[in-house]
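So you can see what is in the structure, the chains are spelled out below.
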Amino acid sequence: MAKGKSFADKIKQSGAEVKQFSIVKYVKSVVSEKTGQYRFQEKMLRVPVGTDVETFINQLEKGSQQSKESERETVSTSETEEPVVDEKKPESPEAVEDKEEERES
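Calculation criteria
- Residues numbered from 1 in each chain as written.
- Predicted model: local features only at pLDDT ≥ 70, side-chain atom pairs only at ≥ 80, totals over all residues.
- Heavy atoms only, no water.
- Helix = DSSP H or I, 4+ residues; strand = E, 2+ residues; numbered from the N terminus.
- Buried < 20%, exposed > 50% of the residue type's maximum accessible area, 1.4 Å probe, protein only.
- Contact = heavy atoms within 4.5 Å.
- Areas by Shrake-Rupley, 256 points an atom, 1.4 Å probe, with all protein chains shown as cover.
- Pairing = 2+ DSSP bridges.
- pLDDT = per-residue confidence, 0-100.
- Salt bridge = Lys/Arg side-chain N within 4 Å of Asp/Glu carboxyl O.

J.: What's the story with the overall build of the protein in this structure? I'm lost.
T.: Along the protein, the regular secondary structure elements total 3 helices and 2 strands. Taken from the N to the C terminus, the helices and strands of the protein come in the order α-β-β-α-α. Taken across its 105 residues, the protein has 7% of its residues classed as buried. Contacts in the protein between residues far apart in sequence, at least 24 positions, make up 25% of those at least 6 positions apart. A total accessible area of about 10,500 Å² is found for the protein, and carbon and sulfur atoms account for 51% of it.

This is the structure:
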């Protein structure tokens with residue numbers, strides 16, 4: 001038995017939306033902090049139709065650099081703050097034994 005409709009016919013009939021973007025594979029080389037060797041990072045980007053791919057990537061890079069700078073600022077401010085230390089004195093072994101005796105009775 002033959003099919004009534006093909007997949008292409010179903011897509012045409014459903015009124016599928018026209019793509020508002022194009023997909024671009026973006027590969028970036030980065031120097032590893034641990035080994036000093038080059039590493040490659042891949043991303044699949046949706047670039048809106050009508051925008052230049054290079055300008056879109058430059059805006060993306062600029063935004064990621066700003067977020068990294070803000071992360072560095074928060075790390076540097078948290079490192080300069082003094083940690084809160086609980087100033088309880090350690091208990092002597094006799095005091096610990098007394099507490100255990102009180103619990104048992």
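J.: Sorry, what's going on with the pairing of strand S1 (residues 21-31) here?
T.: Consecutive side chains along a regular strand alternate between the two faces of the sheet. Alignment of S1 against strand S2 (residues 38-48), held across 11 bridges, turns out to be antiparallel. Across the sheet, residue Val27 finds its bridge partner in S2, namely Glu42. Here S1 folds back onto S2 in antiparallel fashion, the turn holding 6 residues, of which Gly36 has a positive phi close to 80°.

J.: Looking at this structure, how should I read the environment of Phe21?
T.: As for its placement among the helices and strands, Phe21 is situated in strand S1. In this structure Phe21 comes out as partly exposed when scored by relative accessible area, which is 25%. Separated by 25 residues in the primary sequence, Phe21 and Arg46 place their C-alpha atoms 5.9 Å from one another.

J.: Quick question: what am I supposed to make of the confidence of the model for the protein here?
T.: Across the protein, pLDDT averages 75, with 62% of residues at or above 70. Mean pLDDT values over the elements of the protein span from 68, in helix H3 (residues 93-104), up to 92, in S2. Per-residue pLDDT stays below 50 along residues 80-86; that stretch engages in 0 contacts with residues further than four places along the chain or on separate chains.

J.: Any chance you could explain the pattern of salt bridges here in plain terms?
T.: Applying the stated criterion across every chain yields a total of 2 salt bridges. A salt bridge links Glu42 to Lys25; the nearest nitrogen and oxygen atoms lie 3.7 Å apart. With Glu42 in strand S2 and Lys25 in strand S1, this pair connects stretches of sequence that are 17 residues apart. Of the residues examined, Glu42 reaches a relative accessible area of 55% and is grouped as exposed. Where Lys28 meets Glu61, a salt bridge forms, and the shortest distance between an N and an O atom there is 3.6 Å. With Lys28 in strand S1 and Glu61 in helix H2 (residues 53-80), this pair connects stretches of sequence that are 33 residues apart. A relative accessible area of 24% places Lys28 in the partly exposed class.

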